[in-house]
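Below, each chain spelled out in residue letters.
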Amino acid sequence: MEKMLSSIVKKREEILEEILGNKESLLTERIKRQKQQILSGRIDKSLFESLRPEIVESWIRSHYYGLDPFKFRDGPVLDKPEFEEVVSKEGSLVKAADPYINKLRTALSDTDYLILLTDEHGVSLRVIVGNPKVLAHVNKKFYLAPGVVWAEQTVGTCSHVMCRLLRSPIQLCGPEFYSEVFYDAACSSAPILDVYGNLAGSLTIVSPFSCHHNPHSLALAVSSVLNIQNEMQIALHRQLINVTFEAIDQAILIVNKNGVIARANMKARETLDCSDKEIVGMNIEAVLGRQNMITSVLETGEPVFDADIEILKSDQRLQLRSVQPIKDHCRKTLACVVTLDKVEQSRKIVKQVNGLEANCTFDNIIGTSAKLVKSVDMARKFARLDANILIHGESGTGKEMFAQAIHNESRPDGPFVAINCSAIPKALIESELFGYEGGTFTGADRRGRPGKIELANEGTLFLDEIGDLPLELQPVFLRVLEEKKVMRIGGRRYIPVNFRLIAATNKNLLELIDKNLFRRDLYYRLATLQINIPPLRERGSDIIKLAKTFIATISKRQRIAAPALSNAAIFYLLRYSWPGNVRQLENAMLYAVNMSREGIIKPEDLPQEISGMPVSDDEVDTMLRFKPTKSVQNNLTIKEMEIIMIVQALLQTGNNISEAANMLGMSRSTLYRKIKEYALLDEIKTKI
Ligand SMILES: Nc1ncnc2c1ncn2[C@@H]1O[C@H](COP(=O)(O)OP(=O)(O)OP(=O)(O)O)[C@@H](O)[C@H]1O
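By the naming in an unreviewed UniProt entry, the protein goes by Sigma54 specific transcriptional regulator, Fis family and is assigned to Syntrophothermus lipocalidus.

Rendered as structure tokens:
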């Protein structure tokens, strides 16, 4: 606006110099005459030299509106209710403008100025004079009062109309107005724009043309408008802050430096179950008890985030999450902003922030082999009990999957926090598990951090490879399990915790106990309920089911059609011993999907360790015998699968019926029956 103003002022200065120079009256007369000529249609471009084209255009429009420059007709006037409605609609403009108009009134009280505030449609909202005689003088010629509507259509060219049309400040003098009644006036107007750049109204300073024609009144109008606009912006921001403060889904208290609650948002009132009147003005200690953290932030001005302090209030548990200082421009702390959560809500946030969510349920565990089904049934039963669970299983057998499924069955709303004792350097396990207070370690987060045990509150702590828990930490951890409370490293108070522990191991803990590498007392605490997850090689046909599921998911992820498993590839998958279990099978299928051609996974598409194992003559016979039927080209029928698996189990166990039946998850008599039914006796050259 200042930029615009400088060019306008410059232009005005040139014109005014000419108008008010020696030939002032001559020029005034000339402009009047030119206006007459323009309006009567005798337009000669050369006459325009001292006229601004936008003014000439407005004269012409005024003329077309049927207005007579010599017969002024008062603008329409709103009745009282209409006017009151406009004033209330323009509340923010009037509220922002009033203090500045009043300042102007005082500053200009000894002069003959008139100040006019209009809305965006030209409705006069305020008509202010320093000297009452001015208004009396004005009203002899035309009616000007709050509620009068002045637009180009009703009063013709005048400055506040022009500034609204041009959306820029403008000054008009004497004959530049359309109507003759204004010839003895000079008006400076500036448009008022809202925060979004919309026209909100205008401010005009009217002065007698003869004595106050200088450009300063335009500068005054512009600077007042800038102040009004700032005021409107501040009011809007204040409103935005208020609305956001109230709408925010976290309890917020503003506490002044004396510890008195200055504000509480809706969520805080709801959480603390009190009205605004009941809480505002209270001392924070009376509401939350003594909270050193709040006192210290008010004293030091140092913010505290992720405070995680639990407060027992009536019968509910609150969590003090952060305390942040509000400082003045000299960095003096004036107040602080306290954020609180109810404990379940903070748990939700913990889950979101740390990604502590368990996605697996029992439905995601694939497999129907007897051994796996037994483990799943047991896990389902244990999920209903609240005791610790110990899961045994080789690497990659699905121990974490089981833990997640148990969690989702028993504590679905709580966090699932997993920590692998063998994956974290020994020196860090303690702080990972127990957390630490601010200032404990140099270089660490100076605000302190909660440990995994704390984060698992109301949920499940999954401690994988528990056999690798450092011996010196085992008694501390045992105490946490017994007393259900934890103290952070460097801390001085216990934090109550309520979590279910699921520990997992692929080691034989009893052997570790014998070697003094694991504490017996901890073992008995952990091993209340135990689940064994069978290795993949003992799950028979589950291998193929899992392989097919992985092929489907991998292909979907890669947006390709899922290739089928050839019978020969199935044979190789079944005869492999899978030391890496399900995880290894998953990786093998990723490899195979990418190696396969023409939609079929052949043995050569499998990783070398699987397809490269030598095949005995017996096995070759078996493979050849079970050529697929046309209809099931690359997919085995259940019967064919079963035959392969029986042959496979018998080969693997050296034709030991009991072991093979066990491996297949069927009774000896069923296996005998099936061997007969499928006429397998010759094929496997059995000695039974
Ligand atoms: N029965 C199953 N059905 C479907 N997917 C499974 C099954 N068992 C394991 N998986 C998958 O195999 C992979 C390994 O499982 P998981 O991480 O649970 O095993 P783990 O025994 O905890 O491994 P580790 O001993 O290395 O910690 C995961 O991708 C998991 O989804």
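There is more to say, and it comes next.
1. Section: the overall build of the protein
For the protein, the helix and strand inventory stands at 29 helices and 21 strands. A buried classification covers 49% of the 688 residues belonging to the protein. A separation of at least 24 residues holds for 64% of the contacts in the protein among residues at least 6 apart in sequence. On the protein, roughly 33900 Å² of surface is accessible, and the fraction owed to carbon and sulfur atoms is 52%.

2. Observations concerning the packing of aromatic side chains
Overall, the coordinates contain 10 aromatic pairs when judged by the stated rule. An angle of 75 degrees between the planes, with centres 5.4 Å apart, marks the rings of Phe72 and Phe182 as edge-to-face. Highlighted residues: Phe72 in the loop between α3 (53–64) and α4 (80–89) and Phe182 in the loop between β3 (170–173) and β4 (185–193), separated in sequence by 110 residues. Classification of Phe72 by relative accessible area gives buried; the value is 19%. Take Phe182: its relative accessible area is 6%, and that puts it in the buried class. Through pairs of rings, three or more aromatic residues link up here, namely Phe72, Phe142, Trp150, Phe177 and Phe182. Directly above the aromatic system of Tyr494 lies the positively charged group of Lys485, at a separation of 4.7 Å from the ring centroid.

3. Details of the layout of surface pockets
The volume enclosed by the second largest pocket comes to roughly 490 Å³. Lining the second largest pocket are 23 residues, with Gly396, Thr397, Gly398, Met401 and Val582 positioned closest to its centre. Listed by contribution, the elements that provide at least two residues to the lining of the second largest pocket are α16 (399–410), α22 (542–557) and α24 (581–595). Looking at the lining of the second largest pocket, its residues break down into nine nonpolar, seven polar and seven charged. Both domains that meet at the lining of the second largest pocket, namely domain 3 (356–532) and domain 4 (537–677), each give it at least three residues.

4. Examining the sheet that holds strand β18 (residues 500–505)
A sheet is described by the order of its strands in space; here five strands give the open sequence β12-β15-β18-β11-β19, paired in parallel fashion. Bordering the open sheet on either side are β12 (416–420) and β19 (529–532), each of which pairs with just one other strand. Across the sheet, the axes of successive neighbouring strands diverge by a mean angle of 20 degrees, strand direction being ignored. Bridge count for β12 against strand β15 (residues 460–464) is five bridges, and the pairing is parallel. Considered in β15, the bridge of Asn420 is made with Asp464. Its contacts with the sheet put helix α15 (residues 370–384) on β11 (389–392), β18 and β19, and the angle it makes with β19 is roughly 155 degrees.

5. Examining the packing of α22 against α24
Where α22 contacts α24, the two axes come as close as 9 Å, and the packing angle between them is 50 degrees. With respect to their mutual orientation, α22 and α24 come out oblique. Judged by the sense of rotation from one axis to the other, the crossing of α22 with α24 is right-handed. Taken together, the residues of α24 that come into contact with α22 (itself represented by Ile543, Leu546, Ala547, Phe550, Ile551, Ile554 and Ser555) are Val582, Leu585, Glu586, Met589, Leu590 and Val593. The residue inventory of the contact of α22 with α24, partitioned by class, reads 11 nonpolar, one polar and one charged.

6. Digging into the nonpolar core
Formed by 41 residues in total, the largest nonpolar core has its most connected members in Leu573, Trp578, Leu585, Met589 and Leu606. Breaking this core down by element, the ones donating at least two residues are α22, α23 (567–575), α24, α27 (638–652), α28 (657–664) and α29 (668–677). Other than its neighbours up to four places away in sequence, Leu573 contacts Ile543, Ile544, Ala547, Leu565, Trp578, Met589, Leu606 and Ile610. Ranked by size, the runner-up nonpolar core spans 36 residues in total, among them Val417, Leu469, Ile495 and Leu526.

7. Quick word on the pairing of strand β10 (residues 333–342)
For β10, a buried count of seven out of 10 residues is recorded, marking the element as mostly surrounded by other parts of the structure. Two strands pair when backbone bridges link them, and strand β6 (residues 251–256) and β10 are joined in this way by six bridges, in the antiparallel orientation. Looking at the pairing, Ala251 lines up with Leu340 of β10.

8. So, empty space enclosed by the protein
One pass over the structure, following the stated rule, counts three cavities of 30 Å³ or more. In this model, the second largest cavity occupies a volume close to 90 Å³. Lining the second largest cavity, in full, are Arg537, Gly540, Ile543, Leu574, Tyr576, Met645, Gln648, Ala649, Gln652, Met663 and Leu664. Those elements giving two or more residues to the lining of the second largest cavity turn out to be α27 and α28. Looking at which element gives the most residues to the lining of the second largest cavity, the answer is α27, with four residues. Tallied by class, the residues present in the lining of the second largest cavity amount to seven nonpolar, three polar and one charged.

9. Concerning the site of the ligand
Around the ligand lies a shell of 18 residues, among which Ile366, Lys399, Glu400, Asp464 and Glu586 are the nearest. One of the backbone N or O atoms of Ile366 is found 2.9 Å from a nitrogen atom in the ligand. Note that an oxygen atom of the ligand is positioned 3.0 Å from one of the backbone N or O atoms of Met401. A molecule is said to occupy a pocket when more than half its atoms come within 2 Å of that pocket's grid points, and by this definition the ligand occupies the second largest pocket. At the level of secondary structure, the elements contributing two or more residues to the shell around the ligand comprise α16, α22 and α24. By residue class, the composition of the shell around the ligand is six nonpolar, five polar and seven charged. Counting residues domain by domain, the shell around the ligand receives three or more from each of domain 3 (356–532) and domain 4 (537–677).

10. Focus on the packing of α28 against α29
Here α28 crosses α29 at 95 degrees, and the two axes come no closer than 9 Å. Taken together, the axes of α28 and α29 are roughly perpendicular relative to one another. Every residue of α29 that contacts α28 at Ile657, Ser658, Ala660, Ala661 and Leu664 is listed here: Arg668, Leu671, Tyr672 and Ile675. Looking at the contact of α28 with α29 residue by residue, the class counts come to seven nonpolar, one polar and one charged.

Conventions and cut-offs
Residues numbered from 1 in each chain as written. Predicted model: local features only at pLDDT ≥ 70, side-chain atom pairs only at ≥ 80, totals over all residues. Heavy atoms only, no water. Helix = DSSP H or I, 4+ residues; strand = E, 2+ residues; numbered from the N terminus. Buried < 20%, exposed > 50% of the residue type's maximum accessible area, 1.4 Å probe, protein only. Contact = heavy atoms within 4.5 Å. Areas by Shrake-Rupley, 256 points an atom, 1.4 Å probe, with all protein chains shown as cover. Phe/Tyr/Trp six-rings, centres within 6.5 Å; stacked < 30°, edge-to-face > 60°. Lys NZ or Arg CZ within 6 Å of the ring centre and 35° of its normal. 1 Å grid on protein atoms, 1.4 Å probe; cavity = no way out; pocket = protein on both sides within 12 Å on 5 of 7 lines; lining within 4 Å. Points joined across faces, edges and corners; volume = space filled by probe spheres on them. Nonpolar A, V, L, I, M, F, W, Y, C, P; charged D, E, K, R; others polar. Domains from an automatic or database assignment. Pairing = 2+ DSSP bridges. Axes fitted to C-alpha atoms, helices over the stretch in contact; angles between N-to-C directions. Parallel < 35°, antiparallel > 145°, perpendicular 65-115°, else oblique. Left-handed = near helix turned anticlockwise from the far one by under 90°. Core = buried A, V, L, I, M, F, W, Y, C linked by side-chain atoms within 4.5 Å. Near = heavy atom within 4 Å. Polar contact = N/O pair within 3.5 Å; in protein donor to acceptor, adjacent residues only side chain to side chain. Sits in = over half its atoms within 2 Å of the grid points.

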